[in-house]
Amino acid sequence: MPRTPEPRSASAEPELKPSHARLRELTSKALDGGGPDKIKAQKAKGKLTARERIAYLLDEGTFQELDLLVTSRATAFGMRDRRALGDGVITGFGQINGREVGVYSQDFTVLGGSLGLAHAEKIAKVMDLAYEARIPVIGLLDSGGARIQEGVDSLDGYAEIFARNVKSSGVIPQISVILGPCAGGAVYSPALTDFIFMVEGASHMFVTGPDVVKAATGEEVSFEALGGSGSHAATSGVCHFVAKSEPDCFRQVRELLSYIPQNRWERPARVANPDPIRRGTARLEMLCELDPRRPYRIQHVIWQLADEHKFFEVQNGFAKNVVIGFMRLGGEVAGVVANNPAHLAGALDLDAADKAARFIRFLNAFNIPIVTLVDVPGYLPGVEQEHGGIIRHGAKLLHAYAEATVPKIAVVLRKAYGGAYIAMSSKRLGSDFNFALPSAEIAVMGPKGAIEILYSRELEKAPNDEERSKLRERLAAEYAATFASPYQTASTGSLDEVVEPSQLRFKIIRALRFLRDKRVPGQHENRGNIPL
Ligand code: HXC
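Reading guide: rules and limits
- Residues numbered from 1 in each chain as written.
- Predicted model: local features only at pLDDT ≥ 70, side-chain atom pairs only at ≥ 80, totals over all residues.
- Heavy atoms only, no water.
- Core = buried A, V, L, I, M, F, W, Y, C linked by side-chain atoms within 4.5 Å.
- Buried < 20%, exposed > 50% of the residue type's maximum accessible area, 1.4 Å probe, protein only.
- Helix = DSSP H or I, 4+ residues; strand = E, 2+ residues; numbered from the N terminus.
- Polar contact = N/O pair within 3.5 Å; in protein donor to acceptor, adjacent residues only side chain to side chain.
- Near = heavy atom within 4 Å.
- Areas by Shrake-Rupley, 256 points an atom, 1.4 Å probe, with all protein chains shown as cover.
- Nonpolar A, V, L, I, M, F, W, Y, C, P; charged D, E, K, R; others polar.
- Pairing = 2+ DSSP bridges.
- Salt bridge = Lys/Arg side-chain N within 4 Å of Asp/Glu carboxyl O.
- Axes fitted to C-alpha atoms, helices over the stretch in contact; angles between N-to-C directions.
- Parallel < 35°, antiparallel > 145°, perpendicular 65-115°, else oblique.
- Left-handed = near helix turned anticlockwise from the far one by under 90°.
- Contact = heavy atoms within 4.5 Å.
- Phe/Tyr/Trp six-rings, centres within 6.5 Å; stacked < 30°, edge-to-face > 60°.

The next subject is the nonpolar core. Grouped together as the largest cluster of nonpolar side chains are 64 residues, with contacts concentrated most on Leu57, Ile138, Val177, Phe197, Leu256, Phe326 and Val337. The leading source of residues in this core is helix H13 (residues 350-365), at eight residues. Counting 30 residues, the second-largest nonpolar core is a separate cluster that includes Tyr296, Phe311, Ile509 and Leu512.

This is the structure we're talking about:
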């Protein structure tokens with residue numbers, strides 16, 4: 001018979017054993033970080049503490065901490081007296097949307113979040129465990145960089161982390177969230193990861209700060225202009241996502257993770273899809289009526305195609321002539337790569353090639369099908385582009401598409417000319433399904449340029465300007481009748497189907513479902529996501 005428990009009174013609380021009391025004392029000390037004054041200073045800057053950040057990021061109550069009691073072993077420069085439990089970084093595991101992740105969060109209140117050897121070893125440990133457990137790693141960075149008092153040990157600490165970033169590349173997703181300073185060589189760990197988040201006004205990344213820049217080159221520049229989120233999201237392309245605040249940032253990280261799998265052996269999670277797969281996309285008819293030179297934002301097309309019109313765009317401020325991101329089609333995740341006629345007429349240039357190529361390589365590494373939307377007049381002409389290495393950068397895009405073994409579906413919406421036609425996932429480059437709208441133009445070049453080359457002598461011989469312009473018009477119309485349609489391409493099999501705009505969503509979803517279990521040699525080889 002079960003015994004009835006004795007009623008508990010306050011005095012019946014068992015006395016804390018000395019060993020437990022010591023544990024609680026140490027734990028409480030460690031949880032205090034750099035102490036109340038430093039925490040106050042952190043808050044005064046509008047920043048959350050390292051522990052608050054973890055609480056925002058993870059599902060409630062799921063954080064399991066490691067190495068709470070680790071301290072620095074350094075002694076020089078007064079370090080013996082400045083040792084802090086945890087050594088300025090919180091590491092461990094938790095869940096996001098019910099899925100496991102490894103996490104570390106640098107604590108700026110302890111020695112400015114600077115990285116000494118013990119701090120680095122803690123990060124390395126969580127990275128190693130996440131690699132073996134095949135789960136993503138998220139780093140929350142807020143640090144003054146290499147801990148000066150620890151000398152070369154700090155630099156070696158960074159080397160340990162970089163080596164693990166590379167080992168994990170393309171194996172588990174790696175995400176870096178910059179929430180304060182990230183200076184010097186410290187920037188290279190985030191740069192080796194798949195995605196970088198920054199917060200407006202709070203995050204700064206640079207190899208050499210404003211003072212060194214001024215001493216070296218005489219240029220005067222503020223922290224924000226040199227390494228703020230605006231510069232890295234729009235100009236350098238280092239940053240993939242900008243948030244208005246820290247909570248907004250963690251919400252975005254959680255959303256990003258919903259599109260990507262846990263590791264390179266898995267697929268992204270399938271979700272229940274309330275949006276009918278046969279939903280028509282008649283609004284895309286406008287593409288067939290638009291002048292081929294008229295700009296429009298490609299996002300409008302993506303929203304039409306995607307489940308519930310949802311598109312999670314990546315790097316939306318950089319190289320806007322190509323748009324990349326995630327959507328779901330019939331409940332399955334797909335990566336989108338699309339020319340954007342609203343910017344540089346959608347032409348491919350140096351930055352667009354790099355942006356698209358790296359994203360394609362990420363998608364391929366993590367088993368995410370690629371949907372390519374093509375509306376491209378060609379490569380951007382100019383000395384700057386040629387001398388900048390458009391040959392070298394453009395080749396990355398060709399390489400990324402050709403090597404990708406995930407399902408690849410491409411749609412020519414309005415036009416695809418020349419080398420850019422090939423580069424944007426053309427059939428013979430290895431794409432699985434290639435569609436075009438009935439009004440699509442596919443040719444070596446547009447009518448205007450083509451007739452100047454083909455008929456230069458005839459045009460020269462025209463008796464006057466009026467006759468010349470009439471001849472131009474006639475020749476351009478003849479050229480267009482042959483090439484300004486998808487039918488020559490369809491007749492060679494380089495297009496699988498010419499599709500009416502209203503059917504496009506359904507056609508892409510059908511193709512994706514057909515390709516779901518696609519198998520090709522080499523697809524299980526390790527594919528690192530090298531920064532391009
Ligand atoms: C040791 C550091 C530190 C560092 C900051 N602190 N950076 N301690 N090593 N690298 C300490 C400060 O001494 C201070 O300690 C506390 O952190 C807070 O710093 P403040 O300067 O008071 O804060 P703030 O005004 O907000 O300025 C933050 C900062 C600045 C911009 C990050 O501290 C700074 O410029 N630090 C140096 C950055 C740097 O040059 N790092 C080395 C980069 S080279 P007290 O005791 O006062 O609380 C590098 C190489 C990596 O990282 C190579 C990898 C291959």
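This brings us to the side chain of Arg414. Turning to its location among the elements, Arg414 is positioned in strand S14 (residues 408-417). You can call Arg414 buried: its relative accessible area is 3%. Only 2.8 Å separates the side chain of Arg414 from the side chain of Asp375, close enough to count as a polar contact.

On to the site of the ligand. The local shell around the ligand holds 21 residues, among which Lys38, Lys45, Arg82, Gly144 and Ala146 are the closest. Lys38 places a side-chain nitrogen or oxygen 2.3 Å from an oxygen atom of the ligand. Residue Arg82 places a side-chain N or O atom 2.8 Å away from an oxygen atom belonging to the ligand. In the complex, the protein chains occlude 58% of the 1000 Å² of accessible area that the ligand would expose alone. For the shell around the ligand, the secondary structure elements donating two or more residues are helix H5 (152-168) and strand S6 (181-183). Residue composition of the shell around the ligand, by class: 10 nonpolar, seven polar and four charged.

Buried residues dominate S14, accounting for 10 of its 10 residues. Examined bridge by bridge, strand S13 (residues 370-376) and S14 share six bridges and lie parallel to one another. Counted as the bridge partner of Thr372 is Ala410 from S14. By the bridge criterion, four bridges tie S14 to strand S15 (residues 433-436) in an arrangement that is parallel.

Along the chain, the position of Pro447 falls in helix H17 (residues 447-454). Linking Pro447 and Pro14, residues 433 residues apart in sequence, is a C-alpha distance of 89 Å.

Attention shifts here to the pattern of salt bridges. Considering all chains together, one arrives at 35 salt bridges under this definition. Taking the shortest distance from any N to any O, the salt bridge between Glu25 and Arg22 comes out at 3.8 Å. With a gap of three residues between them, Glu25 and Arg22 both fall in helix H1 (residues 18-31), about one helical turn apart. With relative accessibility at 46%, the residue Arg22 sits in the partly exposed group. Among the charged side chains, a salt-bridge network with shared partners connects Lys47, Arg53, Asp142 and Glu246.

Let us look at the packing of helix H3 (residues 50-57) against helix H10 (residues 246-259). Two quantities define a packed helix pair, namely the angle between the helix axes and the distance between the axes. Look at H3 against H10: their axes get within 9 Å of each other, and the N-to-C directions meet at 45°. The orientation of H3 relative to H10 falls into the category oblique. Judged by the sense of rotation from one axis to the other, the crossing of H3 with H10 is right-handed. Contacts from Arg53, Tyr56 and Leu57 of H3 reach H10 at Glu246, Pro247, Phe250, Val253 and Arg254. Of the residues in the contact of H3 with H10, the class split is five nonpolar, no polar and three charged.

It is worth spelling out the packing of aromatic side chains at this point. Two aromatic rings are characterised by how far apart their centres lie and by the angle between their planes. Considering all chains together, one arrives at 16 aromatic pairs under this definition. Measuring from centroid to centroid gives 5.3 Å for Phe326 and Phe359, while their planes differ by 75°, and the two rings are edge-to-face. Placement of Phe326 in strand S11 (residues 322-329) and of Phe359 in helix H13 is noted, with a sequence separation of 33 residues between them. Comparing Phe326 with Phe359 shows no difference in burial state: the two are buried.

Here the focus is the sheet that holds strand S2 (residues 89-96). The strand order across the open sheet formed by seven strands is S1-S2-S3-S4-S5-S7-S9, and the pairing between neighbours is mixed. This sheet does not close on itself; its edge strands, each paired only once, are strand S1 (64-66) and strand S9 (241-243). When the angles between neighbouring strand axes are averaged without regard to direction, this sheet yields 20°. Judged from the three bridges that link them, S1 and S2 form a sheet pairing that is antiparallel. Residue pairing across strands places Gln64 opposite Phe93, the latter belonging to S2. Helix-sheet contacts for H10 involve S2, strand S3 (99-106), strand S4 (137-141), strand S5 (174-178), strand S7 (195-199) and S9, and the interaxial angle to S7 is about 160°.

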